[in-house]
Every structure is written in structure tokens, then in C-alpha cells.
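Report on the structure
Each chain is listed here by its residues.
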Amino acid sequence: MRLEQILTDVEYKILQGTLDKDVADIAYDSRKTVKGGMFVAIQGTVVDGHNFIESAVEAGAEVIVVEKETNVENKDITVLLVENGRKALSLMSAAYFDYPAKKMITVGITGTKGKSTTEHMVRDIIEKSGKTCGIIGTVGAFMNGRSVPTEHTTPESYELQKLFAMMVEEGCEYMVMEVSSQGIKMDRVAGIEFDYGVFTNISPDHIGPGEHENFEEYLSCKAELFRRCKTGIINRDDEHYDDIVKHATCRIVTFGTSEKADMRAHDIHHVSKGGELSMEFQAEGVMEGEIVVGLPGRFNIYNALCAACTGVALGMPKEVILHALEHVKVQGRVEVMPVSEDFSVLIDFAHNGVSSESVLSTLREYNPHRIVSIFGCGGNRSKVRRYEMGEVIGRMSELAIITSDNPRRENVMDIIEDIKVGMAKSDGTYVVIPDREEAVAYALEHAEKGDMIILLGKGHEEYQEINGIKYHYSDREAIVKGMKKVYGKDFSFML
């Protein structure tokens, strides 16, 4: 593509060279620079891309984009100065791929919790209406049956625009993505105007070195989405609602249990039947009638309201919205594995004290006979997390089975000893089974009628990292193997 076309939306100063060039590709990692390509040097929090300009030139870069005055010895190479390299990368990437986001109806979802679940609900509503939809989020990117791994919840702008282009090529009419606060702060979505922006909720998270300086900055980044979309679909019950909408420039539709919400839920019930858990409620406002949500927990009422509001805004039929919400399944997010009518088995990604307490509180609302928690903690991470998880799970479970998670380069037993320190504060009952598959089989073998067995920590992950190597492992597969081993029943069709 011609360099001038790539620079259409970018403010720049020519330090040397000419714009009369074709650009073969764009890279922000010098190792990915191609002959005749462009290298964007970005001053990062850890690495300064300007230190790799020479490497990019040696790899064949014809254009270098910099954030500070830089001299390149080869005067045939074009050097452009921009104020913000990340923002320029985003705008140039959009132009390079011919603005693919504009060729789809786009939905961006932000919030502390519920992004992944809401994303899957909205995707299911769209697809069950007969439309094609791509998604990008925590568990990767998916389009037309194709899966593409991603490094971040919101990928870097070049990868993001490339994914959009792939979706357009695959025939996607809609695109739904999780928009993280980091994605907004780091300009990964710069230049994109979403058709619909969605806000689930907000609570302190991602605050610290390399993330957000404080809660105010975190909140500000979330609120920014509603200056970059045409319609905002926002949780009216969130205590920070006023801050989120204060500077919004979009049309706003709200959901919640508040009388002020445009779509409201009331008469809420927890339903447990045949080992499956769900929620039921009455909706009024922009959509009326009974809604059944095929996921447990009061927080999924909010996710369902959010998705239903989005579905209505997208013009999807009511019967399609209802069917999609009743049958929704989100891998690794309070995911029910219906292997028995006598007890429930669930998988969740909760891997710290706060999230574990949240999911166990949800299960407690169903009045189980016992809660049996299978969990471990990641190696080479803060020991405080281990103490907190041990204490919370010991306090909230009738039986805890302490096992392995991702030990990384630590000894599993050392991690377990740290967990036991927290467990001791709760006086909870526990057993230690270091092998996670064996721990799952033990829980299934000793299950009692009315139990809720939950596997915490790994969720959608399909590996265990041990001594720097990622070995294949799946909680879903462990449950299927355990049922085969203990009860002789084949549930492989569920994988």
C-alpha cells in the first residue's frame, strides 16, 4: 500500500526521506519487520522500541516511525515523527487493512466483570438469528468456526485490525469484542467508532505498576468507550453510573433492577434441577416477559439484561433472544457440566480470593448439600493470593481438595503448604491430592446427593505450566475421564 494512504489519519513530521513509497507491511516488533516494510518505534514501559531501529533497518525496513527525534544513517529510509506511536500504529493499521471495522456492525464490551459472558451471550443471539459474528476476547478470537489465539484481552492494534480484516474475509456481518481498560489506555482501539458500546460494571482492578495508576484512571478509561460509540448500553445499578455517563457523547440505553433503567428485572429466582443451575426473572421495559438464563448466579441476571438490551438494539427477534439466553454456555465461567442428576459439577476461572468468594457465594444461594472445591494456586506469583484463597475456600466449602494449578517453576508441594496456611485460619476440612486429574476423580467418587463440586482456577485454559513447559490439561476432560473411571459412563460427547 502507498505510504501516503497509510498516513491518511495521522499527524506527522517528515524527518527525512520521501512519502513516495509502497509499504509491504507494518511492524512494531523489529523481529517481525519485512523487506520494504514499516517499523513503528514505541517507547514502552519496559522496552524502548527506538533501541531496535537498527535491527529493523537491517531486516529491510523502508519506513521508520518514531516518537522522538532520531537520526537514521541511510538517508534513503523515510523517518516520520509522531507524538504518540501507539495511536499512530492503530490509525495506520486501520488504513493498511482498509478500515475493516467499518464493514461490520461492531459491539465493544467493557467492565470489570462479565465481559466474556456477555460477549458470548450477544454472539449467541446474533448467530441464532442467522447472522455471522466474530468475537475477540479473553479466550481468543473466533470467526466462522475458526479460532485464532490472542495475547491480550484486547489485542495490540495491528493484530486487532488484522483480525477484523480476517472476519470481513470470512463473511462476518457483526463483530463483538471485549474492550479492556488497558486496550483503551494503550490506544489499541484508537480510531474505532463502535456502533454499540456496552458497560457491565466496575470495581477496583488492574491498579498497579504497568497497569493503572489509580481507580480514577481505571474508571476514566472505561468511560472513554462512551465517547467512541454511537449507542451506549449501560448498567444503571452500578454505583459509578454517573461517572461513566458524565462525558458520554452517545445515545444511552440502561438496564438493571432500578426503576430508572430502560430494561428492568424483577421476581428473580434461582433454579436447580437435575444437576443443572439457572436463573429466572421477569423483564419489563424495552423487552417484556419471562427470561430464563442457562447460567447460575445473580450476576448473570445483569449479564442477561445487558445482552438482551444489546439484542433489542441490534433489532434481533425477541424469541431468538430468549432462546439464546436460556441455552447459553460460556466455557470456564461458572460452566455447568451436566454429568449427573444427583450432584452438580462446575468449572470456573476464579483464581484469587475475591473471585472465589463471589462464585462460592453464588453456589450457596442454591442451598447445596455440600460445596466441594477443587483448587490450587499459580507458581511464581504472590503468596498472599494463596493465603487468601486458602482462607476463603476453607471458610465457604464443606470440603476443599487442594491440588495443582499452574506451578510454573515452583514445587507443587511448596505452593500447597502456602495454601494450607490460609486454610488453617478457616478451620475448613480439606484433603491434599497434588495431581489435578486424581483430585477431580476423588471428588466425583465421593460425591453425595445434592453436592456442588466446583473446579476453580483454570476455567477455559487447556494446559498446565510445569517447569516452564505447557502440558495439555483440561478441567472438562478431567471431569469426563473421572466419570468414566468412577462410574463407567462415557461423556466424551461433551468435549
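What you are looking at is a predicted structure, and each value in this text was computed from that prediction instead of being measured.

**Brief notes about the sheet that holds strand 12 (residues 229-235)**
The sheet built from 11 strands is open, its strands ordered 9-8-7-10-6-11-12-13-14-15-16 with mixed pairing. Both outer strands of the open sheet, strand 9 (146-148) and strand 16 (289-293), are each paired with one neighbouring strand and no more. When strand polarity is set aside, the average angle formed by the axes of neighbouring strands in this sheet is 20°. Sheet topology places strand 13 (residues 251-256) next to strand 14 (residues 263-273); 2 bridges connect them, and they run parallel.

**Quick look at the nonpolar core**
Burial of nonpolar side chains together is a common tendency in soluble globular proteins. With 63 residues, the main nonpolar core has Met263, Phe281, Leu325 and Phe375 as its most contacted residues. Excluding its chain neighbours within four sequence positions, the residues that come into contact with Met263 are Thr254, Phe255, Gly256, Ala283, Glu284, Val286, Met287, Ile291, Leu305, Ala308 and Cys309. Formed by 34 residues, the second largest nonpolar core is a distinct cluster that contains Ala141, Val179, Ile184 and Cys250.

**Observations regarding the pairing of strand 11 (residues 194-199)**
The element strand 11 is largely enclosed, with a buried count of 6 among its 6 residues. When strand 11 meets strand 12, the two strands line up parallel, connected through 5 bridges. Directly across from Tyr196, in strand 12, lies its bridge partner Thr231.

**Description of the sheet that holds strand 18 (residues 344-348)**
Strand order across the open sheet formed by 6 strands is 17-18-22-19-20-21, with mixed pairing between neighbours. The two strands at the open ends of the sheet, each matched to only one other strand, are strand 17 (335-336) and strand 21 (430-432). As paired strands, strand 20 (residues 399-402) and strand 21 are joined by 3 bridges and run parallel to one another. Its bridge partner being in strand 21, Ile401 is matched across the sheet by Val431. Across the sheet, helix 11 (residues 353-364) is in contact with strand 18, strand 19 (371-375) and strand 22 (452-456); its angle to strand 22 comes to roughly 165°.

**Considering a nonpolar patch on the surface**
Side chains of Val46, Val47 and Phe52 sit close together on the surface and give an oily, nonpolar patch of about 300 Å² of accessible area. For Val46, the position within the fold is in the loop between strand 3 (38-40) and helix 2 (53-58).

**Topic: the packing of aromatic side chains**
For any two aromatic rings, the description comes down to two numbers: the centre-to-centre distance and the angle of the planes. Taken as a whole and judged by the stated rule, the model has 5 aromatic pairs. With 6.4 Å between their ring centres and 35° between their planes, Phe343 and Tyr487 make a pair best called tilted. In this pair, Phe343 is assigned in the loop between strand 17 and strand 18 and Tyr487 in helix 15 (residues 475-487), connecting sequence segments 144 residues apart. Among the aromatic residues, ring-to-ring pairing joins Tyr96, Phe97 and Tyr158 into one connected group. Between the NZ or CZ atom of Lys102 and the centre of the ring of Tyr99, over which it lies, the distance is 4.7 Å.

Cut-off values and rules
Residues numbered from 1 in each chain as written. Predicted model: local features only at pLDDT ≥ 70, side-chain atom pairs only at ≥ 80, totals over all residues. Heavy atoms only, no water. Pairing = 2+ DSSP bridges. Helix = DSSP H or I, 4+ residues; strand = E, 2+ residues; numbered from the N terminus. Axes fitted to C-alpha atoms, helices over the stretch in contact; angles between N-to-C directions. Core = buried A, V, L, I, M, F, W, Y, C linked by side-chain atoms within 4.5 Å. Buried < 20%, exposed > 50% of the residue type's maximum accessible area, 1.4 Å probe, protein only. Contact = heavy atoms within 4.5 Å. Patch = residues over 30% accessible without salt bridge, like charges linked within 9 Å, V, L, I, M, F, W, Y side chains within 5 Å. Areas by Shrake-Rupley, 256 points an atom, 1.4 Å probe, with all protein chains shown as cover. Salt bridge = Lys/Arg side-chain N within 4 Å of Asp/Glu carboxyl O. Phe/Tyr/Trp six-rings, centres within 6.5 Å; stacked < 30°, edge-to-face > 60°. Lys NZ or Arg CZ within 6 Å of the ring centre and 35° of its normal.

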